[in-house]
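Each chain, letter by letter, is given below.
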Amino acid sequence: MWILSNIIPVLKLYFVGLKVLLYQLFHKGFTLPVLPTQNGKVAIVTGGARGLGYETVRQLTDLGVHVIIASRNETEGLAAVKKICEKNSEAQVDFEFLDVASLRSVRCFVRRFKERRLPLHVLINSAAVMLVPEGRTEDGFETHFATNYLGHFLLTRLLLDSLVHSGKDGSCSRVVSISSSAHYAADARLQDLLSMRCSSAHAAYARSKLAQVLFTYRLHHVLRCGGSPVTATALDPGLVDTGLYERLCRPARLAQRAVARLCFKTPAEGAAAVVFAAVSPDLEGVGGCYLYEGQRIRSSAASYDEDLQAGLWRNTCDLLDLQDSLFD
Ligand SMILES: *[C@@H]1O[C@H](CO)[C@@H](O)[C@H](O)[C@H]1NC(C)=O
């Protein structure tokens, strides 16, 4: 039993990865069409100091968006700001400390952001960990669950009033959450998704990514019912060659490096699809869906389970001491 519960999540995850790999090998990637400039818009990108997040920030600033890099690494965050400003002297970009794995840090970040009295048109939930060793955050949650899902849930909830305020009919604010094809490999019972103890990092990663999709669908539904000018989408960037893979076991890491050259997307290519989701007029008002290279595709069957969406939402609100409903 122990062997099965440890091996199966690994096999499932690598199987999904292999399918995506083969797809990418035979398909040309996504090219960002020319987009209108976005002067006056403000975006927050978590994990914006490196990898996919960094490239997303860079491309958004090139379109005139004022971007706030939210990162837990101040050195990297400030270096990213400097690098972007060196390339584009007009870029409006700054760094704010955010450790999304810490609920206290999320609350502080939101407080500081609101003190600036900026509008907020785009929130990109991009920070993620993958296959980190079993561990707990300061709040006592499993690390993948806390970082990839729970912290972003809280961040999004606390920023919703700013997003609602800055959105208009015909120009909705957008929440874009970077999920992953790994979510197809997740088991889907509510108690597993909320599980605080996890024997397999592979399973924990896959579950956190499914939780993100479920959250996105529920959020979009609730926003639409409340008539709010905000959309929520989940996005699968494909396999992108970033530091996310640094925790793979050694043989897998070596294989990943070799294969990455052949058919992983560069961070810039991966980011193009994120930028498209964040600002493209083609996706105005579009939400509650799962995007891959600018197109809606089907996410896992479990992700469309409305009871599961509602159950996860309710339980998460309980964990965070938040009200269940957005609108009183
Ligand atoms: C921050 O990033 C730098 C450069 O990548 C790295 O050397 C350093 O260890 C990181 N610090 C923390 C606290 O993660």
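Structure report, in brief. Bear in mind the structure is a predicted one, so any value in this text is a computation, not a measurement. (Residues numbered from 1 in each chain as written. Predicted model: local features only at pLDDT ≥ 70, side-chain atom pairs only at ≥ 80, totals over all residues. Heavy atoms only, no water.)

**Here's the deal with a nonpolar patch on the surface**
In step 1: A cluster of nonpolar residues, Leu18, Leu22, Leu25, Phe26 and Leu262, forms a patch on the protein surface that exposes about 550 Å² of accessible area.
In step 2: Relative to the assigned elements, Leu22 resides in helix α1 (residues 2-26).
In step 3: When its relative accessible area of 46% is taken as the criterion, Leu22 is described as partly exposed. (Patch = residues over 30% accessible without salt bridge, like charges linked within 9 Å, V, L, I, M, F, W, Y side chains within 5 Å. Areas by Shrake-Rupley, 256 points an atom, 1.4 Å probe, with all protein chains shown as cover. Salt bridge = Lys/Arg side-chain N within 4 Å of Asp/Glu carboxyl O. Helix = DSSP H or I, 4+ residues; strand = E, 2+ residues; numbered from the N terminus. Buried < 20%, exposed > 50% of the residue type's maximum accessible area, 1.4 Å probe, protein only.)

**Observations regarding the nonpolar core**
In step 1: If you look at the biggest cluster of nonpolar residues, it comprises 60 residues, and the most contacted ones within it are Ile44, Phe109, Tyr149, Phe153, Leu155 and Leu159.
In step 2: Here the element with the most residues in this core is helix α5 (residues 143-166); it accounts for 10 residues.
In step 3: By size, the runner-up hydrophobic cluster in this structure holds 38 residues, among which are Leu52, Val176, Leu235 and Leu291. (Core = buried A, V, L, I, M, F, W, Y, C linked by side-chain atoms within 4.5 Å.)

**Details of unusual backbone geometry**
In step 1: You will see that Arg117, though not glycine, has its phi angle at about 55 degrees, which is positive.
In step 2: Mapped onto the elements, Arg117 comes out in the loop between α4 (103-115) and β4 (122-125).
In step 3: Residue classification places Arg117 among the exposed positions, given a relative accessible area of 74%.
In step 4: Unlike most non-glycine residues, Glu293 shows phi in positive territory, near 50 degrees.
In step 5: Its location among the elements puts Glu293 in the loop between β7 (289-292) and β8 (295-297).

**Notes on the sheet that holds β7**
In step 1: Spatial strand order, β3-β2-β1-β4-β5-β6-β7-β8: eight strands in an open sheet with mixed pairing. Looking along the sheet, the strands with just one partner apiece sit at the ends: β3 (93-97) and β8. Taking the axes of each pair of neighbouring strands and ignoring which way they run, one obtains an average angle of 30 degrees across the sheet.
In step 2: Pairing analysis gives five bridges linking strand β1 (residues 42-46) to strand β2 (residues 66-71), with the strands arranged parallel. Of the residues in β2, the one forming a bridge with Ile44 is Ile68.
In step 3: Contacting β2 and β3, helix α3 (residues 74-87) crosses the sheet at an angle of about 175 degrees to β3.
In step 4: Relative to the sheet, helix α7 (residues 201-225) contacts β4, β5 (173-178), β6 (230-236) and β7, its axis offset from that of β6 by approximately 160 degrees. (Pairing = 2+ DSSP bridges. Axes fitted to C-alpha atoms, helices over the stretch in contact; angles between N-to-C directions. Contact = heavy atoms within 4.5 Å.)

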